[in-house]
Amino acid sequence: MASLLDPPPFSSSLLSNTHTSQLAAQQYLSPTIYVEPFSSHSKKASAVCSAGGGAVDPSPSQNPNLALERTKDRQKVVRVAWEKLVRWSRSWRSKAKTDVLERTNKVVVLGGGSFGTAMAAHVAGRKAQLEVNMLVRDPRVCESINERHYNFKYFPESILPENVVATTDAKTALRGADFCLHAVPVQFSSLFLEGIVDYVDPGLPFISLSKGLELNTLRTMSQIIPQALRNPRQPYIVLSGPSFASELMNNLPTAMVVASKDKKLASAVQQLLASRNLRINRSSDVTGVEIAGALKNVLAIAAGIVEGMNLGNNSMAALVAQGCSEIRWLATKMGAKSTTITGLSGTGDIMLTCFVDLSRNRTVGVRLGSGEKLDDILTSMNQVAEGVFTAGAVIALAQRYNVKMPVLTAVARIIDNELTPQKAVLELMSLPQSHLKALVQQGQYSEALISYTEEPHFPLNATKFTFPSLLKACAALSNLYYGKTLHATINTLGFRYDPYVITSLINMYVKCGSFTSAVQLFDDMSERDGLVRDVTVWNSMIDGYFKYGLIYEGALQFCRMQVSGVKPDGYTLSILIGECRKLLGYLGGKQVHAYVVRNMFDDDPFVVTALIDMYASCGRPIQGWRVFEMLGDKDNVVAWNAIISGFCENGLWENSLELYMLAKNENCILGSATFSSTLTACSRGEDLGCGMQIHCDVMKLGFEGDPYVGTSLLTMYAKGGLVEDAEKVFDAKLNKEVEIWNAMISAYGGKGCASDALNVYLQMKVEAVSSDCFTIRNLLASCSMLRLYGFGRALHGEVIKRPMQSDVTVQSALLTMYSKCGRMEDASAVFSTMRERDVVAWGSLISGFCQNRKFREALYLFKVMEADGEKPDSDIMVSVTIASTGLENVGLSRGVHGFVIKNGLEWNAFVGSLLIDMYSHYRCPIMARDVSLDIPHKNLVVWNSLISCYSQNGLPELSIGLLPQITHNGLYPDPISITGVLTAVSSMAVLLKGKAIHGFGIRVEILSDVQVENALIDMYLKCGSLKYAQHVFQSVSRRNLVTWNTMISGYGSHGECQRAISLFNEMGSSGIVPDDLTFLSLISSCNHSGLVNDGLSLFQLMKEYRIEPRMEHYVNIVDLLGRAGCLADAYDVIQAMPIEPDQSVWLCLLSACRVHRNIELGELAADNLLKIDSTRGSNYVQLLNLYVEAGLREKAVNLRASMKQKGLKKSPGCSWIEVRNKVDTFFSGDSSSPRTVEIYETLSGLRGNMIKRRGCDEALECF
């Protein structure tokens, strides 16, 4: 992107005179080959040469002796520097030889081609004792090398060193090798390596001399080698550069680059191969070196074609320069470094390959250009031309990475016989202008500007049609500097008065934020009469005024245009109508509509479409329909699209679908926007049936490849719950734009499949598709679901690097992500950097503080927001209500309720449901009921909150009574409603009502929810119906941990301990891991059944599952041992507890001591019990009973007197019974029941019957 900041190659200063322009053009068009210097020594030399440069030297003509002395001094300095360089070079070579070369005993070369032969000879010449084995397939080549010491196919005139041997046996060649030089062509490498994989050592370093792309898979050698050898850790390094096999064989100076991410391996290979004639540089950019090495062969074919057609050096230079740019664009998209592509292994290698006759790929191109057939050329060659095969992968690469490569693609088409060389060259010579326009039309603005900057013929061959595309690119990128530079070039070339160019310039200045420059340009141009009368210039200026919010000035320009004699066109009025929609509102729009009618523009399709859009955005779709009805030509699909979209935006999606059917019946030619709007209506109405029919229409008319239609289809299926169908739509898309990626990510996120959403993003990165704000927002939502802090932080880093960091919606999503991950410091840091904070941003941070239980910070931020003048919405008030409840401050919570009423939000259902929950928490069910009465339109959330409130606050009858009210208000209960009512039924143990609710759940088909099934099991168990509970348990298809725990607890409470243990074993077999509640239920069951050993075994089993016992577990163990009379063991358990025992533990021990008459331990337990809580009467009662039953009347009297003095008494027992759908509750010693007289009469009658029965029994016994 750095080149975008530079001006184009020619500006006004460069073209100030003819001589300068010609000289500049010659310099620009001449090819330049860059030779890399020895950087460290060149710096020293420059430092030496610049020494003493601060003083002004006397003229040599004035003092010849002084000039001679200085010349000698400089020669001496240069000689000394050169001697140091030679000494350093010798020491380095000596060290290299000692470090690597001397330790290397054997090198194997795979392949017997020209480069393999040359490298074998080069390495063998480095060390006479080095064993160099060449693994070849041809026995004749093997015999030639071993017996006559030359390769009869390649370099038959060159004698190979005697330490070079050849073999066809892979095992022999690879045994004991220290390095492996891979010189097999890419297309045959995979098969070749798979054949020798059994003999390759996993640690053997591979040095790849082959460069190219596998035709079908597009794999490079860095991917082929580890995959073919089935070892992803196989050491690997790339060797590339401007060098040929003949140079190595003839000991000519050359240079190469070794590329590897392993610095030690790169250094070792450098020391192994570097010699006096071969310089080796190092690089870590494997991708850049490989891609440049692969595609240079394709570009060499293009250069050869130009040579074969005798088109001259200028044409070849222009073609190669364009090809170099294409290679750089592709490599950069694939992750390569730009410095690599312009360095020795990039441009250096490419230039040498394209301009020197030693390349066999260039030879193929020359022969193609001269008219030969490709098949004849390949048949006559004794060696593979890699460029021919790599060219087949160019088109696939261009599509995958969305890169335009006209030169390289043309070579591929020539090889596939789709294009003749002559036609291809003609197309390429006229490429620049059309190429720029195509890039801009496809949204590749940066690439268009880079292409212009690096195009050798620009701006000499530029026309007035070139600059509008470039100015549009500048506007899209907001690159004002580049736009001004283009403006200067336009002035120099004489296009400054062209209306087409002026319009583009004004648009560029407006969109780049320099409206003053646009106004100045317009005022300057207004002096020319021809321009004043051009309506397009006026339209650009009026549009600019409106975009900057200068409504009055824009309207003034509209009037001034008419005064100047320029009549507005349809586009002018479309601009006015569009601004009415945003700024002037419905009344302003009606005024413009009147102007349209008066001036007879009401048949203009663009104006009519703008009017329909305006009325729809103002919430008046019927007015838009009337405009549409007045339209004479109903064949205009744009108007149909506008009215369909207008109805959909206003919630009238059924009308949108009807209009779609009308459009079909009118034989209107439907387009992409038609299907997108109609599918959006199906999504909002969740009408999958109609959506599938439209999908059929889409396929019939061939719009399934359209990105907008595809995105709408995917969204429609996702919102309808058919994610699999959405995946099919996604997979069917070949060229996926960012919109459809976003839709797929959003679809997964909306269905809770956050992991799938993140996988789609990773696939998107592999496809090199650039993300946008929507992508990041959806991904951050997925990170929030999975609490992926690291991934979310990485996304934040990506956001910071791009302009989207200032997007408020993205920043709000970041706030939510950090809050969900518990990183409130990071969330606060993001919030502090936000320049514009909307209500969503405030709400995200306040909600985050609440989620992390930082309630005080949430309320403080709410006060800051209020002081900042931001009005809270319902979501913020929900968070504030949660914060006040979390602080357990009743007064503060009531104050929040008052604030809600003051701001008119008490009618909001979600705020009201939170207020109900708040009052439920404070045990104020009456206040909760009053809140519900203030909500005019109660949704299901409000009813569920009220059900839960009544149930939790001891009003189960009211909770149950709300269920029929839900249905009377036109709503259907959901699983939460049924669960809440079943909980109320369980607390009352009213079996008949529980059965009725069970039947209701079956009728409305909501019993498949596991939460409801668990509540049903619990209800039947607490109502004493073990049989029904078992039936429900057996019918549960997906049993979770709660299901198993509920049934195990039920068996225990019904005295079925062995069945509970058996069910526990069955639970383990099903793969469900027990938790602390499971063991609590089991130990409690053993306690009730007196199974001491089983209970203790289960208590020990908790350790195997790494479950720490809670207080409830210890209570049950103490009670278990106490009931069995093992009081000492029970006390030992208490003494060994890692936590402080509470009153329930000591109360269990005291009860056991009472049963077994252990006075001493009982008094100890009572003493600890009263230390914990001396205000509860039940604590004294157990000790009192112990004294009474042990005959210690004196202690009993004293304890009773102490209880009376403290005013303590035991809470009465409670029981209830359901008779004829009514529940009666009784307390011990209570006579306040309205049926007390009837109860005592019945009791007296029963007692009389019992006395009579006993008398009869005694009389019978006398006989």
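Anyway, here's the lowdown on the structure attached to this text. Fair warning: this is a prediction, and the values are worked out from it, not measured in the lab.

1. Remarks on the sheet that holds strand 7 (residues 254-259)
Here comes step 1: A sheet is described by the order of its strands in space; here 8 strands give the open sequence 3-2-1-4-5-6-7-8, paired in mixed fashion. The strands lining the two open edges of the sheet, one partner per strand, are strand 3 (164-167) and strand 8 (278-283). Each neighbouring strand pair of the sheet contributes to a mean axis angle of 25°, computed without reference to strand direction.
Here comes step 2: Judged from the 4 bridges that link them, strand 1 (residues 106-110) and strand 4 (residues 179-182) form a sheet pairing that is parallel. Note that in strand 4 the partner of Leu 110 across the bridge is His 182.

2. Let's talk about the packing of helix 58 (residues 1057-1069) against helix 59 (residues 1076-1089)
Packed helices, taken two at a time, are described by the angle between their axes plus the distance between the axes.
Here comes step 1: Running from N to C, helix 58 and helix 59 cross one another at 155°; their axes reach a closest spacing of 9 Å. Classified by the angle between their axes, helix 58 and helix 59 sit roughly antiparallel to one another. For helix 58 against helix 59, the interelement crossing comes out left-handed. Contact residues: Cys 1057, Ala 1060, Ile 1061, Phe 1064 and Met 1067 in helix 58; Thr 1078, Phe 1079, Leu 1082, Ser 1085, Cys 1086 and Ser 1089 in helix 59.
Here comes step 2: Of the residues contributing to the contact of helix 58 with helix 59, the split by class is 8 nonpolar, 3 polar and no charged.

3. Focus: the pairing of strand 8
Here comes step 1: Alignment of strand 7 against strand 8, held across 6 bridges, turns out to be parallel. Looking at the pairing, Met 256 lines up with Ile 280 of strand 8.
Here comes step 2: Running through helix 10 (residues 263-273), the crossover from strand 7 to the neighbouring parallel element strand 8 is right-handed.

4. A look at the pattern of salt bridges
Here comes step 1: In the structure shown here, the tally under the stated rule is 14 salt bridges.
Here comes step 2: Glu 1112 is the salt-bridge partner of Arg 1110, the closest N and O atoms lying 2.8 Å from each other.
Here comes step 3: Judged by relative accessible area, which is 29%, Arg 1110 ranks as partly exposed.
Here comes step 4: Three or more residues joined by partner-sharing salt bridges are found here, namely Asp 138, Arg 140 and Lys 153.

5. Details of the packing of helix 37 (residues 707-719) against helix 38 (residues 723-732)
Here comes step 1: In the contact formed by helix 37 and helix 38, the axes pass within 7 Å of each other and the chain directions differ by 165°. It follows that helix 37 is roughly antiparallel to helix 38 by the angle criterion. In terms of crossing hand, the pair formed by helix 37 and helix 38 is left-handed. Facing Gly 710, Leu 713, Leu 714, Tyr 717 and Ala 718 of helix 37, the residues of helix 38 in contact are Val 723, Asp 725, Ala 726, Val 729 and Phe 730.

6. Section: a nonpolar patch on the surface
Here comes step 1: Together, Met 785, Leu 786 and Leu 788 make up an exposed nonpolar region whose accessible area comes to about 220 Å².
Here comes step 2: With respect to the helices and strands, Leu 788 occurs in the loop between helix 41 (773-786) and helix 42 (789-800).
Here comes step 3: Accessibility expressed as a relative area gives 30% for Leu 788, which makes it partly exposed.

About the criteria used
- Residues numbered from 1 in each chain as written.
- Predicted model: local features only at pLDDT ≥ 70, side-chain atom pairs only at ≥ 80, totals over all residues.
- Heavy atoms only, no water.
- Pairing = 2+ DSSP bridges.
- Helix = DSSP H or I, 4+ residues; strand = E, 2+ residues; numbered from the N terminus.
- Axes fitted to C-alpha atoms, helices over the stretch in contact; angles between N-to-C directions.
- Parallel < 35°, antiparallel > 145°, perpendicular 65-115°, else oblique.
- Left-handed = near helix turned anticlockwise from the far one by under 90°.
- Contact = heavy atoms within 4.5 Å.
- Nonpolar A, V, L, I, M, F, W, Y, C, P; charged D, E, K, R; others polar.
- Right-handed = clockwise from strand over helix to strand, strands pointing away.
- Salt bridge = Lys/Arg side-chain N within 4 Å of Asp/Glu carboxyl O.
- Buried < 20%, exposed > 50% of the residue type's maximum accessible area, 1.4 Å probe, protein only.
- Patch = residues over 30% accessible without salt bridge, like charges linked within 9 Å, V, L, I, M, F, W, Y side chains within 5 Å.
- Areas by Shrake-Rupley, 256 points an atom, 1.4 Å probe, with all protein chains shown as cover.

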